[in-house]
Amino acid sequence: MNGTKNLARDGELRIFDDQTCSPSLVGGLRQQSVYLSTANILLSLTAFLGNSVILVALHKESCLHPPSKLLYRCLATTDLLVGLLCQPLHAAYWMSVSYEHWNLCRFAYDTFSVSAYALCSVSLLTMTAISVDRLLALLLGLRYRELVTLKRTYILVATFWVLSGFTALSYLLDHRIATWFGILVIPSCLSISLVSYTKIFRTLIHHQAQVQDHVQQQPNQPNALNMAQYRKAVYSAVWVQLALVVCYVPFSIVETVIALSKTYSSHLVINWGLAIALIYYNSTLNPFIYYWRIREVRRAVKQTIRRALHF
């Protein structure tokens with residue numbers, strides 16, 4: 001089963017998604033399927049528990065700027081739903097492959113694909129919005145809180161969900177639409193984030209000497225304190241962004257290979273499964289980054305855990 005399979009029928013190539021429940025391609029992957037299923041179940045538990053705690057902490061935290069907090073709550077919500085929906089369905093897909101239940105395999109594959117496209121798209125768009133939000137905070141200065149309001153952020157988040165929902169539904173109509181959406185949107189979002197953070201750090205470096213002089217002369221001034229807080233917020237967002245890049249780029253590469261391939265192999269299927277598992281791992285990793293990098297969230301998490309244990 002490790003050799004390349006030619007999956008052409010009637011002279012036309014059938015797309016990869018149509019073969020994910022084909023005995024000729026995945027019928028010999030029983031052991032690998034068990035491993036991938038187990039990994040998804042474990043990551044499902046950690047993603048659900050970790051993001052549940054983070055959402056409770058964010059609900060109680062009042063120090064964060066409301067629009068910024070809303071973006072992090074949206075990101076945590078998508079990560080929680082990944083653990084609650086996508087990963088159990090993905091585990092069910094691999095178990096159905098292991099036991100060769102092909103009807104259940106097709107149902108599980110289509111269901112987890114739709115939910116994954118929707119939730120991962122929201123997550124990716126939200127991370128891009130966080131990078132742009134940090135850039136606007138730097139460029140707009142005092143006008144930032146006037147222009148970046150909670151109402152506008154709610155509208156933006158709702159737009160993300162609607163757009164991602166259409167992307168997920170397009171998968172049911174034509175798999176290639178969703179595939180090319182992933183190939184185009186993932187690099188686009190990552191590029192926007194890269195440009196935003198590059199602009200931020202170039203600006204910070206440019207003003208570093210002036211800020212340091214200001215802190216030395218008047219260390220208790222509000223502007224110096226705000227700049228220090230801004231740097232912490234930017235570094236926190238960068239760590240979350242880096243985690244997303246590490247987890248999403250392999251999937252983008254595998255999807256590109258699949259889209260350009262004329263034949264598929266069991267090795268490609270395993271790499272595809274690992275790439276998806278890595279995306280899901282991002283939902284487990286994010287809560288730890290919030291706890292590590294955002295002091296307000298760390299304090300709220302500690303209080304939440306203490307109250308839960310005391311109860």
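Residues numbered from 1 in each chain as written. Predicted model: local features only at pLDDT ≥ 70, side-chain atom pairs only at ≥ 80, totals over all residues. Heavy atoms only, no water.

Bringing the overall build of the chain into the picture now. Each helix and strand in the chain was counted, giving ten helices and four strands. The order of α-helices and β-strands along the chain, N terminus first, is β-β-β-α-α-α-α-α-α-α-α-β-α-α. Counting all 311 residues of the chain, 47% fall into the buried class. Put simply, 81% of the contacts in the chain that link residues at least 6 apart link residues at least 24 apart. Carbon and sulfur atoms make up 65% of the accessible area of the chain, which amounts to about 16200 Å² in all. (Helix = DSSP H or I, 4+ residues; strand = E, 2+ residues; numbered from the N terminus. Buried < 20%, exposed > 50% of the residue type's maximum accessible area, 1.4 Å probe, protein only. Contact = heavy atoms within 4.5 Å. Areas by Shrake-Rupley, 256 points an atom, 1.4 Å probe, with all protein chains shown as cover.)

This part covers the side chain of Asn40. Mapping Asn40 onto the fold places it in helix H2 (residues 30–60). In this structure Asn40 comes out as buried when scored by relative accessible area, which is 0%. At 2.7 Å, the side chain of Asn40 forms a polar contact with the backbone oxygen of Leu36. Among the polar contacts listed, one links the side chain of Asn40 to the side chain of His90, at a separation of 3.4 Å. (Polar contact = N/O pair within 3.5 Å; in protein donor to acceptor, adjacent residues only side chain to side chain.)

Applying the stated criterion across every chain, the model contains one disulfide. Residue Cys21 pairs covalently with Cys105 via a disulfide, S to S 2.1 Å. Its torsion about the S-S bond being -90 degrees, the disulfide of Cys21 and Cys105 is classed as left-handed. Taken together, the residues span a long stretch of sequence, with Cys21 in the loop between strand S3 (12–13) and helix H1 (23–26) and Cys105 in helix H4 (residues 102–140) at a distance of 84 residues. Across this residue pair, the class does not change: Cys21 and Cys105 are buried. Looking at Cys86, it has no disulfide partner, and the nearest cysteine sulfur is the one in Cys120, 5.9 Å off. Given a relative accessible area of 0%, Cys86 falls into the buried group. (Disulfide = S-S within 2.5 Å.)

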